[in-house]
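Secondary and tertiary structure notes
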Amino acid sequence: MKPGMSLMKHYLQFKDLRAEEYTYLLERTAIIKKRFKNYEKYQPLADRTLAMIFEKASTRTRVSFEAGMYQMGGSVVHLTTGDSQLGRAEPIEDSARVISRMVDLVMIRTFAQSKLEAFAAHSRVPVINGLTNEYHPCQILADIFTFIEHRGSIAGKTVAWVGDGNNMANTWLQAAEVLGFTVHVSTPSGYEIDPAVAGVKDSGCYKVFADPREACRNADLVTTDVWTSMGFEAENEKRKQAFADWCVDADMMAVAQPDALFMHCLPAHRGEEVAAEVIDGPQSVVWDEAENRMHVQKALMEYLLLGRIG
């Protein structure tokens, strides 16, 4: 732990922070975003360095973290698998000990959550999950901020998850448990959410539906993801067949609340997991959602490095 830091926190999955911490983070995000939109210089992370380690390809995660850190006055070291293979050239524990002596914050986008946890256990600085096979907390944080911007508090609302029981679905369940809303989950047979992996104790925070249209009924937010996540490309054709009825289309949106929003973490495949008329339609907020990754991550980095401001 670096001098001056107290109670260092990592952000490895959504449930790592409490509801009151999210209230603070979401308020800070709104302030930081407003400053950005007004071209107000705000650089509380001057002389701080973020190391970004990518073992999975990235567009939004790289741009949002890198641009965000520069805007906050900090600098960025970018490492890809070719530069640094965690746990191959040297034990992951040793990589963590070395890298964390040279930077102030580490963001890792990798495959197994266990690899991220091993790094964090031996890091002297906060570690952020930029995506693993199991969880994607920064994305859900952005999604929740986007919902609040458009519709107000998410507490007591219903989110419909249509598609794969993947890292996004797991994280939505954690968010529902922490923040007090309900997730309606509909996945094809064989692609269900594993509550043990999702890490939720309250089964009341989600309901499972065999019919994706029923999952969308009266939902305040309908959201989905690609049918084949990174690392599962070999299953692509098999998944296309299994997921054929899990395309979010106008019929599904029609049974949701009249003012329901549509979200997708992107990249999207129109005609597969979502119809073009939905993602490009008036209920879609996917571009706000993508931009908000940067704003919530700026607030998160500020919090992990500086604690509460004011």
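Analysis parameters
Residues numbered from 1 in each chain as written. Predicted model: local features only at pLDDT ≥ 70, side-chain atom pairs only at ≥ 80, totals over all residues. Heavy atoms only, no water. Pairing = 2+ DSSP bridges. Helix = DSSP H or I, 4+ residues; strand = E, 2+ residues; numbered from the N terminus. Axes fitted to C-alpha atoms, helices over the stretch in contact; angles between N-to-C directions. Contact = heavy atoms within 4.5 Å. Buried < 20%, exposed > 50% of the residue type's maximum accessible area, 1.4 Å probe, protein only. Polar contact = N/O pair within 3.5 Å; in protein donor to acceptor, adjacent residues only side chain to side chain. Arc of directions from axis to C-beta.

Backbone-to-backbone hydrogen bonds pair the strands of a sheet. The strands run either parallel or antiparallel. Ordered in space as S2-S1-S3-S4, the 4 strands form an open sheet in which the pairing is parallel. Since the sheet does not close on itself, it has two edges, and those belong to strand S2 (75-80) and strand S4 (127-131), each with one partner. Within the sheet, the average angular offset between the axes of one strand and its neighbour, ignoring direction, is 20°. The pairing of strand S1 (residues 49-54) with strand S3 (residues 105-109) spans 5 bridges and is parallel. Looking at the pairing, Ile53 lines up with Ile108 of S3. Most of the contacts of helix H2 (residues 60-71) go to S1, to which it runs at about 170°, and overall it touches S1, S2, S3 and S4.

Glancing now at the side chain of Lys33. Here Lys33 is to be found in helix H1 (residues 19-37). A relative accessible area of 11% places Lys33 in the buried class. There is a polar contact of 2.9 Å between the side chain of Lys33 and the side chain of Asn292. Not counting residues up to four positions away in its chain, the partners in contact with Lys33 are Phe145, Glu149, Glu291, Asn292 and His295.

All right, on to helix H4 (residues 113-121) then. Of the positions making up H4, those classed as buried are Gln113, Leu116, Phe119 and Ala120. Along the axis of H4, the buried residues cluster in a sector spanning 125°; they form a single face. Check the buried side of H4 and you find it contacts S1, helix H3 (92-99), S3 and S4.

Another aspect to go through is the sheet that holds strand S7 (residues 206-208). If you walk across this open sheet you meet the 5 strands as S7-S6-S5-S8-S9, and the pairing is parallel. Since the sheet does not close on itself, it has two edges, and those belong to S7 and strand S9 (261-264), each with one partner. Sheet twist, expressed as the mean angle between neighbouring strand axes with direction ignored, is 20°.

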